Amino acid sequence: MAVGYKQMLAEADSVVQSVTVDEAARMRDDPQVVLVDIRDPRELEREGMIPGAFHAPRGMLEFWIDPESPYHKPRFAEGGTYVFYCASGWRSLLAARVAQEMGLDTRSLRGGFGEWRRAGQPVAERHAKG
């Protein structure tokens, strides 16, 4: 294998700024910050999500970000800072790197949604559709 996931994560970690749960909780009140949940819809239905977060499934991310794509979502053209999160922080780190390469100002939530829940932060039981 030419490149494994550990190397991909290390490379992404070297170029993407990660934020802690406490930092993300403070950022959530900033209208220029968008929390982006990239987990599978089944994960959202089962576990909930951060209140006010925008759901963008990982498999559609590049298509939703690119304004040339027929699947583009205007939420990604509004500017500001996009804080990506998944269950544990691995997928979101890779997603934040791709989004950063596509021109967005990105962060990744260290520890993901699991760490958010362990810290006692609020959880919305139903997910918001992208």
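Fair warning: this is a prediction, and the values are worked out from it, not measured in the lab. (Residues numbered from 1 in each chain as written. Predicted model: local features only at pLDDT ≥ 70, side-chain atom pairs only at ≥ 80, totals over all residues. Heavy atoms only, no water.)

1. Some thoughts on the overall build of the protein
Broken down by element type, the protein carries six helices and five strands. Put simply, the protein runs from its N terminus to its C terminus through helices and strands in the order α-β-α-β-α-β-α-β-α-β-α. Taken over the C-alpha trace, the protein has a radius of gyration of 14 Å; the compact-globule value for 130 residues is 14 Å, and the two agree within 12%. Within the protein, the fraction of its 130 residues that count as buried is 42%. When contacts within the protein are restricted to residue pairs at least 6 apart in sequence, long-range pairs at least 24 apart make up 63% of them. With 17 positive and 19 negative side-chain charges, the protein shows a separation of 5 Å between the mean positions of the two kinds. (Helix = DSSP H or I, 4+ residues; strand = E, 2+ residues; numbered from the N terminus. Rg over C-alpha atoms; globule rule 2.2 N^0.38 Å. Buried < 20%, exposed > 50% of the residue type's maximum accessible area, 1.4 Å probe, protein only. Contact = heavy atoms within 4.5 Å. Lys, Arg positive; Asp, Glu negative; His and termini not counted. Charge placed at Lys NZ, Arg CZ, Asp CG, Glu CD.)

2. Describing the pairing of strand β2 (residues 33-37)
Counting buried positions over the five residues of β2 gives five, a clear majority of the element. Sheet topology note: the β2/strand β4 (residues 81-85) ladder contains five bridges and is parallel. The residue bridging V36 from the neighbouring strand is F84, located in β4. (Pairing = 2+ DSSP bridges.)

3. Some remarks on the nonpolar core
Of all hydrophobic cores here, the largest spans 20 residues; its most connected members are V36, A56, L61, F76, Y82 and F84. The element that contributes the greatest number of residues to this core is helix α5 (residues 90-101), accounting for four residues. The next biggest cluster of nonpolar side chains, apart from the first, holds 16 residues, and it includes V19, V21, V33 and L44. (Core = buried A, V, L, I, M, F, W, Y, C linked by side-chain atoms within 4.5 Å.)

4. Focus: the packing of helix α1 (residues 5-15) against α5
Between α1 and α5, the least distance of the axes is 9 Å, while the angle of their chain directions is 55 degrees. Taken together, the axes of α1 and α5 lie oblique to each other. The chirality of how α1 crosses α5 is left-handed. Packed against α1, whose contacting residues are Y5, M8, L9, E11, A12, D13 and V15, the element α5 presents W90, L93, L94, R97 and Q100 at the interface. (Axes fitted to C-alpha atoms, helices over the stretch in contact; angles between N-to-C directions. Parallel < 35°, antiparallel > 145°, perpendicular 65-115°, else oblique. Left-handed = near helix turned anticlockwise from the far one by under 90°.)

5. A short note on the pairing of β4
A large share of β4 lies buried, amounting to five of its five residues. Because side chains alternate across β4, one face comprises the buried residues T81, V83 and Y85, and the other comprises Y82 and F84, equally buried.

6. Quick word on the UniProt feature "domain: Rhodanese" (unreviewed entry) in the protein
Sites flagged by UniProt as "domain: Rhodanese" (unreviewed entry) map to residues 29-125. For residues 29-125, the helix share is 32%, the strand share is 18%, and the end-to-end C-alpha distance is 19 Å. (UniProt positions renumbered as here; feature names shortened; annotations may be inferred.)

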